[in-house]
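# Examining the three-dimensional arrangement
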Amino acid sequence: MKTIKINNNLKNKSMNYSTIKKTAVAATLVAALGFADTAQAQQVFGGRSQYRTWSIGVQGGITTPNALIGGNNNFGQKVGYFQNKVGEYYGLTVRKQFSHLFGLEVEANRGKIKTYNHNESGPAFENNSGSNLGRAQSAETKVNWAASLNGVFQLGTIDFLRRENAVNFYAKVGIGAFAYNPTQFSNNDFGGTVVYDQKWGEDILGDRSPSNPRDKDYRLGMIVPVGVGAKFKLSEVVALNLGYTMNFTDEALLYGPGRNTTTKQRFSNVYGGLEFTLGSKDKQNLTFANPVATMYDELKDPSLRNEVEALKQRVSTLEGTVNTLSADADGDGVSDKFDKCPGTPAGTPVDGSGCPIKFPEPVVDNVTSNGYYAPIQFEFDSSVLKTSSYSTLDKLAKEVRDNNSSVTLDGYASAEGSEAYNMTLSKDRANSVKQYLVNAGVSSSSITANGYGEKKNQSHLIQLKKVVFKTVVLRSKNNRI
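None of these values were measured; they are calculated from a predicted model.

With that out of the way, let us pick up helix 4 (residues 390-402). Spanning 13 residues, helix 4 covers 18 Å between terminal C-alpha atoms, matching the ideal 18 Å at 1.5 Å per step. Thr392, Leu393, Leu396, Ala397 and Val400 are the residues of helix 4 that are buried. Each buried residue of helix 4 lies within a common arc of 135° when the element is viewed along its axis, so the set occupies one face. Once helix 4 finishes, Asn404 follows within two positions and takes phi at roughly 50°, a positive value.

Per-residue confidence for the protein averages 77 on the pLDDT scale, and 77% of its residues sit at or above 70. Scored below 50 in pLDDT, residues 1-41 shows 45 contacts in the model against residues more than four places distant or in partner chains. In the model, residues 457-481 has pLDDT below 50 throughout and makes 108 contacts with residues more than four positions away in sequence or in other chains.

Right, let's talk about helix 5 (residues 419-439) for a bit. With 21 residues, helix 5 extends 30 Å from end C-alpha to end C-alpha; this agrees with the ideal 30 Å at 1.5 Å per step. When helix 5 is considered as a whole, its buried residues turn out to be Asn422, Leu425, Ser426, Arg429, Ala430, Ser432, Val433, Tyr436 and Leu437. The buried residues of helix 5 all sit within an arc of 150° when viewed along its axis, so they share a single face. Turned more than 90 degrees from where helix 5 packs its buried face, Ala420 and Asn439 sit exposed. Within two residues after helix 5, Gly441 carries a phi angle of roughly 105°, on the positive side.

Another point: the side chain of Arg52. Within the secondary structure, Arg52 is located in strand 1 (residues 51-52). With a relative accessible area of 2%, Arg52 lands in the buried category. Engagement of the side chain of Arg52 in a polar contact is seen with the backbone oxygen of Lys283, the distance being 2.8 Å. Sequence-distant contacts of Arg52, defined by excluding residues within four places in its chain, comprise Glu236, Val237, Thr277, Leu278, Gly279, Ser280, Lys281, Lys283, Gln284, Asn285 and Leu286.

Turning next to the packing of aromatic side chains. One pass over the full model with this rule turns up five aromatic pairs. Both rings, one in Tyr89 and one in Phe267, keep their centres 5.9 Å apart while their planes meet at 75°; by these two values the pair is edge-to-face. Note that Tyr89 is positioned in strand 3 (residues 87-97) and Phe267 in strand 12 (residues 266-277), a separation of 178 residues in sequence. Taken as a pair, Tyr89 and Phe267 share a single burial class, namely buried. Judged by centre distance (5.0 Å) and plane angle (15°), the ring pair of Phe178 and Tyr180 falls under stacked. The aromatic ring of Tyr116 is capped on one face by Lys85, whose charged end is 5.8 Å from the ring centroid.

Here the focus is the state of the cysteines. In this structure the tally under the stated criterion is one disulfide. The side chain of Cys341 participates in a disulfide bridge whose partner is Cys355; the two sulfur atoms lie 1.9 Å from each other. Between Cys341 and Cys355 the disulfide shows an S-S torsion of about 80°. By sign, it is right-handed. Separated by 14 residues along the polypeptide, Cys341 in the loop between helix 3 (302-326) and strand 14 (365-368) and Cys355 in the loop between helix 3 and strand 14 bring together distant segments of the chain.

On to the pairing of strand 3. Here ten bridges tie strand 2 (residues 54-64) to strand 3, and the two strands are oriented antiparallel to one another. In the sheet register, Ser55 faces strand 3, and the bridge partner there is Arg95. Note that strand 3 and strand 4 (residues 102-116) share nine bridges and pair antiparallel. In the sheet register, Gln97 faces strand 4, and the bridge partner there is Gly103. The turn linking strand 3 back onto strand 4 is made up of four residues.

What follows deals with the pattern of salt bridges. Applying the stated rule across the entire model yields 13 salt bridges. Here Glu107 ties to Lys172 by a salt bridge, and the two come within 3.1 Å at their closest N and O atoms. Highlighted residues: Glu107 in strand 4 and Lys172 in strand 6 (residues 167-185), separated in sequence by 65 residues. In terms of burial, Glu107 and Lys172 fall into one category: buried. The shortest N-O distance in the salt bridge between Lys114 and Glu140 comes to 3.8 Å. Of the two residues, Lys114 is situated in strand 4 and Glu140 in strand 5 (residues 138-154); the sequence distance between them amounts to 26 residues. Its relative accessible area of 12% is what places Glu140 among the buried residues. The structure contains a network of salt bridges with shared partners spanning Arg52, Lys233 and Glu236.

It is at 9 Å that the axes of helix 4 and helix 5 come closest, and there the two elements cross at 60°. By the criterion of interaxial angle, the relationship of helix 4 to helix 5 is oblique. Note that helix 4 runs across helix 5; the crossing there is right-handed. Side by side, helix 4 and helix 5 meet where Tyr390, Leu393, Asp394, Leu396 and Ala397 of the first sit next to Val433, Tyr436 and Leu437 of the second. Class assignment for the residues of the contact of helix 4 with helix 5 results in seven nonpolar, no polar and one charged.

Non-glycine residue Asn128 carries a positive phi angle of around 65°. Relative to the elements of secondary structure, Asn128 occurs in the loop between strand 4 and strand 5. At Asn404, a position not held by glycine, the phi torsion is positive, near 50°. When you line up the elements, Asn404 lands in the loop between helix 4 and strand 16 (407-413).

Rules used throughout
Residues numbered from 1 in each chain as written. Predicted model: local features only at pLDDT ≥ 70, side-chain atom pairs only at ≥ 80, totals over all residues. Heavy atoms only, no water. Helix = DSSP H or I, 4+ residues; strand = E, 2+ residues; numbered from the N terminus. Expected span 1.5 Å × (residues − 1). Buried < 20%, exposed > 50% of the residue type's maximum accessible area, 1.4 Å probe, protein only. Arc of directions from axis to C-beta. pLDDT = per-residue confidence, 0-100. Contact = heavy atoms within 4.5 Å. Polar contact = N/O pair within 3.5 Å; in protein donor to acceptor, adjacent residues only side chain to side chain. Phe/Tyr/Trp six-rings, centres within 6.5 Å; stacked < 30°, edge-to-face > 60°. Lys NZ or Arg CZ within 6 Å of the ring centre and 35° of its normal. Disulfide = S-S within 2.5 Å. Pairing = 2+ DSSP bridges. Salt bridge = Lys/Arg side-chain N within 4 Å of Asp/Glu carboxyl O. Axes fitted to C-alpha atoms, helices over the stretch in contact; angles between N-to-C directions. Parallel < 35°, antiparallel > 145°, perpendicular 65-115°, else oblique. Left-handed = near helix turned anticlockwise from the far one by under 90°. Nonpolar A, V, L, I, M, F, W, Y, C, P; charged D, E, K, R; others polar.

This is the structure:
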């Protein structure tokens, strides 16, 4: 039982070692993913809460009646790209940055768009433009308001060349609505006779039709802004924002009636502004945060490296301890550290200290006064005679018969087991010998069988009448498990 207990202890130690290794690995991962806040401001997989993600911006710029990708707007005949008249355009933005790469922005603007036909277009009047007051050579569209929800994609936050981002490029695309009203003029300098200035009627599915009653100053339409830009970090709070946006509309009357009566019109705006990041200055602005630098800092953090090395040393020490405890050179199941009998032959039963277990053998002695001695053996923990005892008992039976004498059989048992059990066993064994002698022709009246258990465990004389004195001792150890 002691051996089994020690083996279980060794298994428990192995299990503890495995658990310790797993714990050490887990602790290493935890340390790698985020050490103390005092060591570094940002952590990989630390979430958005460790950054500043909200910002507001103000911007202003100019508009042009065309786009880089071209199009078929009304007016603009014989007008080069840089010959367009420009109008003012200004507004506000509110942005929430959700990751290093993506944010959502609400943008609101208002302003004017100007377009005209060059005198060299001859004639300079726009076909189908104006009204009964005449045809137009130019138009000015007032944008009372334009609002859109934009997805902003950061293009320069991941940088393997520089630790800190001072410049960040972005692209945006959105969808929204705007309210506008075009005014057309008879000349191309926006100062002649007004030949078209429309009032708008009731809403029809979001648009305002030119039907009566015309009491609305602006028409509603859909707008899709698509643009690119760059932000320059001026401080931890302020950034310079420069950009270009093409605004695609669902409106053929953006500049009033003209030669393209069904073509959806468009315009562009170039802007500059300042963006202010909200939140604590102790947190980094997610717009300019470089995730590569964050990962590098964690991997190179001296405190982290020291912690990892300490964990490795502890694991190495534990490995050595477990290896020492699990060493068993003789394979008896007892660690060499606790083995008091090293070198035990293979297969030898051992106790908790690694020493061979000595099992007592059942012994029954038959001693006679004339020098005759031979063991009488029984089956283990039993009163059944072994066949090796038959020759001895046959000789005894012959002597008793030949001499017409009597014999006393005293049975004993070793100290193992309860006293009552040993008493019964000693009587049964004495009676077993008596029965054998009877079967061998000895008169039952000539045999006396006694059982003394463990109390009288010594030799006792048995008198064989008239001829010889003999001692018959029946003694055996129970050896029960």
